[in-house]
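# Descriptive analysis of the structure
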Amino acid sequence: MKILSVNCGSSSLKFQAYEMPEEKVLIQGLFERIGIDGSCYTITINGEKTTKEVDLPDHQVAVDYLTKELLENKVVSSLDEIEGVGHRVVAGGDQFDRTTVINDEVLQAIDALSKLAPLHNPAAVIGIKAFQKAIPNAIATAVFDTAFHQTMPKENYLYPVPMNWYTEYAVRRYGAHGTSHQYISERVNEILGRKDTKVITCHVGNGGSISAVLNGKCINTSMGFTPNAGIMMGSRSGDIDVTLATYMMEQTGMSPKEIDHALNKESGLLAVSGISSDARDIEAGINEGNENCKLAQKMYVNRIRDYIAKYYVELGGCDAIVFTAGLGENSILTRKQIMNALAPLGVVLDEKANEIRGVEALVSAKDSSIPCYVIPTDEEVMIARDTYALAK
Ligand code: ADP
């Protein structure tokens, strides 16, 4: 069965076509700068990548090019062969705790949840509609970034704030990157050969979050009502004293929008290093002796350490720590510093084993109290798996 896995951003569309259940990738591609000058798309098939510069005024036009490529590259002989299209949706609120077949009601609910993800859910809605038009016979599913975190107990998802904020305004912890946390926690359980596990999953990229996963179910996660909670990130502050926001508004006359921008786009590694939000630039800065980069890296690592330690206690121990995403998969330095910072828990780094990027590996030493793994994430295959299960 052929399944499409789709991730729509406000100006982009990423997709992969799979043969399921084999999980064989047939074709993948990325449409960029949709609705902006200089739009283009890249298609990769049999390891060969081609880029085409085309006018992409909206997502519908991108989907039309996509279906044309599927036919021209003989991925399908007719679009009816695509039996399921799975869409990544950022915010599922507390209505959606699993992947759901999209009907009119579900589509309306996703649209209404745009208040929780104003940049992302509207793009998903546009993408869903465009595919419904182009491939009307395929079932469409919504795979929510927040669904995996819906198993958190109330004491972990509630904030100690006036309760009508929760009951009337839906203010609570939702988390993010759920599909990735689920993928790596399931994979590490396969490696460990059991399901009754205590796992700490670290999705550390430009954005980042840490989760505590007990017996395959998320019990806590570091992102909150929005993605600007938890660890320090590329350009996000992560956890701060929230009163900083109102104080700075009073001191400077900044608007809520400007504060939001400062905390999401001008903070984190970027703010402290003064040079970049990108971990590669920070590492280069450290190698050149840049003190601000060293400080940024120290703050960054300490905050990840703190969450892992907190979840270790909350889980009552830990069977595995897993690193994934841009830094988790590729930053040898960041992994090394995090693992060394966890020495009080008995974590021991295997310096040589840690010298890897982008591949699955055990990176802790034999005598480490907790095995630490790198597992490259694969959100697309999770979307395809769920969609296949529902299409079947
Ligand atoms: P996003 O949250 O945008 O999906 P990614 O998961 O792609 O982010 O992660 C991007 C981050 O990963 C960047 O900070 C980048 O510097 C970092 N990264 C990627 N490759 C490396 C590398 N080889 N060494 C260190 N950091 C890396």
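Each remark here, short or long, concerns the structure printed above.
All chains use their own residue numbering, which begins from 1 and follows the written sequence. Only residues with pLDDT of 70 or above have their local features reported here, since the model is predicted, and side-chain atom pairs are shown and tallied only from 80 upward, although totals for entire chains, interfaces and linings are computed over all residues. Only hydrogens and water are removed before side-chain values are computed, so all heavy atoms of the structure are retained for them.

With respect to the element layout, asparagine 228 can be found in the loop between β11 (217-221) and α7 (243-252). Note on classification: 1.4 Å probe, protein chains only; a residue is buried when its accessible area is under 20% of the maximum for its type, exposed when over 50%, partly exposed between these limits. Using a relative accessible area of 14% as the deciding quantity, one classes asparagine 228 as buried. A distance of 2.9 Å separates the side chain of asparagine 228 from the backbone nitrogen of glycine 238, its partner in a polar contact. Here leucine 263 takes part through its backbone oxygen, which lies 3.1 Å from a polar atom of the side chain of asparagine 228. Helix and strand labels come from DSSP, where a helix needs a run of H or I of at least four residues and a strand needs a run of E of at least two; each type is numbered from the N terminus. Here a polar contact is recorded for every N or O atom pair within 3.5 Å, except that within protein the pair must consist of a potential hydrogen donor and a potential acceptor, and residues adjacent in sequence are included only if both atoms are side-chain atoms.

Proximity criterion: a residue is near a molecule or strand once any of its heavy atoms comes within 4 Å of it. Every one of the 13 residues lining the ligand counts as a neighbour, but Asn206, Gly207, Asp278, Ala279 and Gly326 are closest to it. Asparagine 206 is positioned such that a nitrogen or oxygen atom in its backbone is 3.1 Å from an oxygen atom of the ligand. At 3.4 Å, a backbone N or O of leucine 327 approaches an oxygen atom of the ligand. Only the protein chains shown count as cover for residues, with accessible areas throughout obtained via the Shrake-Rupley method and a probe of 1.4 Å. Contact with the protein chains covers 68% of the free accessible surface of the ligand, which is 580 Å². Broken down by secondary-structure element, the contributors of at least two residues to the shell around the ligand are α10 (279-287) and α12 (325-330). Considering each element in turn, the shell around the ligand owes the most residues, four residues, to α12. When grouped by side-chain class, the residues that make up the shell around the ligand number three nonpolar, six polar and four charged. Here the nonpolar group is Ala, Val, Leu, Ile, Met, Phe, Trp, Tyr, Cys and Pro; Asp, Glu, Lys and Arg are the charged ones; every other residue, Gly included, is treated as polar.

Here we take up the packing of aromatic side chains. Stacked, tilted and edge-to-face are the three classes assigned to paired rings of Phe, Tyr and Trp, where Trp is represented by its six-membered ring and a pair needs centres within 6.5 Å; plane angles under 30 degrees give stacked, over 60 edge-to-face, the rest tilted. Enumeration over the complete set of coordinates arrives at seven aromatic pairs. Ring centres of phenylalanine 96 and phenylalanine 144 lie 4.4 Å apart, and the angle between their planes is 10 degrees; this geometry places the pair in the stacked category. Note that phenylalanine 96 is positioned in the loop between β6 (82-89) and β7 (100-101) and phenylalanine 144 in strand β8 (residues 139-144), a separation of 48 residues in sequence. Of the two residues, phenylalanine 96 and phenylalanine 144, both sit in the buried class. Note on tyrosine 174 and phenylalanine 225: the rings are 6.2 Å apart at their centroids and 40 degrees apart in plane angle, and the pair reads as tilted. You can see tyrosine 174 sitting in the loop between α5 (163-169) and α6 (178-192) and its partner phenylalanine 225 sitting in the loop between β11 and α7, a full 51 residues away along the chain.

What counts as a salt bridge is simple: a side-chain nitrogen of Lys or Arg found within 4 Å of a carboxyl oxygen of Asp or Glu. A full pass over the atoms with the stated rule returns 15 salt bridges. In this structure, glutamate 291 and lysine 294 form a salt bridge, with 3.3 Å as the shortest nitrogen-oxygen distance. With glutamate 291 and lysine 294 both in helix α11 (residues 291-315), this residue pair falls three residues apart, about one helical turn. For glutamate 291, a relative accessible area of 52% corresponds to the exposed category. On the accessibility criterion, lysine 294 (36% relative accessible area) is partly exposed.

Taking 1.5 Å per residue, 14 residues should reach 20 Å; helix α1 (residues 59-72) reaches 20 Å between its end C-alpha atoms and fits that length. Within α1, burial applies to His59, Ala62, Val63, Leu66, Thr67, Glu69 and Leu70. All buried residues of α1 project into a common sector of 155 degrees when viewed along the axis, lining one side. For α1, the N-terminal cap is aspartate 58; the gap from its side-chain oxygen to the backbone nitrogen of glutamine 60 is 3.1 Å. Two residues or fewer past α1, lysine 74 is found with a positive phi of approximately 55 degrees. Under the convention used throughout, the expected extent of a helix is 1.5 Å for every residue step, that is, one less than its residue count. This arc is taken over the directions from the axis of the helix to the C-beta atoms.

Look at α1 against helix α3 (residues 121-134): their axes get within 9 Å of each other, and the N-to-C directions meet at 45 degrees. By the angle between their directions, the pair α1 and α3 is classed as oblique. The handedness of the crossing between α1 and α3 comes out as right-handed. Side by side, α1 and α3 meet where His59, Gln60, Val63, Leu66 and Thr67 of the first sit next to Ile126, Lys129, Ala130, Phe131, Lys133 and Ala134 of the second. The residue inventory of the contact of α1 with α3, partitioned by class, reads six nonpolar, three polar and two charged. Here an axis means a line fitted to C-alpha atoms, over the contact stretch when the element is a helix, while the angle between two N-to-C directions is reported on a 0 to 180 degree scale. Here is the rule for angles: anything less than 35 degrees is roughly parallel, anything more than 145 is roughly antiparallel, 65 through 115 is roughly perpendicular, and the remaining ranges are oblique. For any helix crossing, the convention is left-handed if the near helix is rotated counterclockwise from the far helix by under a right angle, and right-handed if that rotation is clockwise. Only heavy atoms enter the contact rule, under which two residues are in contact if any of them lie within 4.5 Å.

Here we come to the pairing of β11. Here β11 lies mainly inside the structure; four of its five residues are buried. In this scheme, strands are said to pair when DSSP sees at least two bridges between them. Between the antiparallel neighbours strand β10 (residues 208-214) and β11 lie two residues, among them asparagine 215 with a positive phi of about 50 degrees.

Attention now goes to the packing of α10 against α11. Contact pair α10 / α11: the axes reach a minimum separation of 7 Å and the direction vectors enclose 125 degrees. Relative to α11, the element α10 is oriented oblique. Crossing geometry of α10 relative to α11 is assigned as left-handed. The residues of α11 that touch α10, namely those facing Ile282, Gly285 and Ile286, are Cys293, Lys294 and Gln297.

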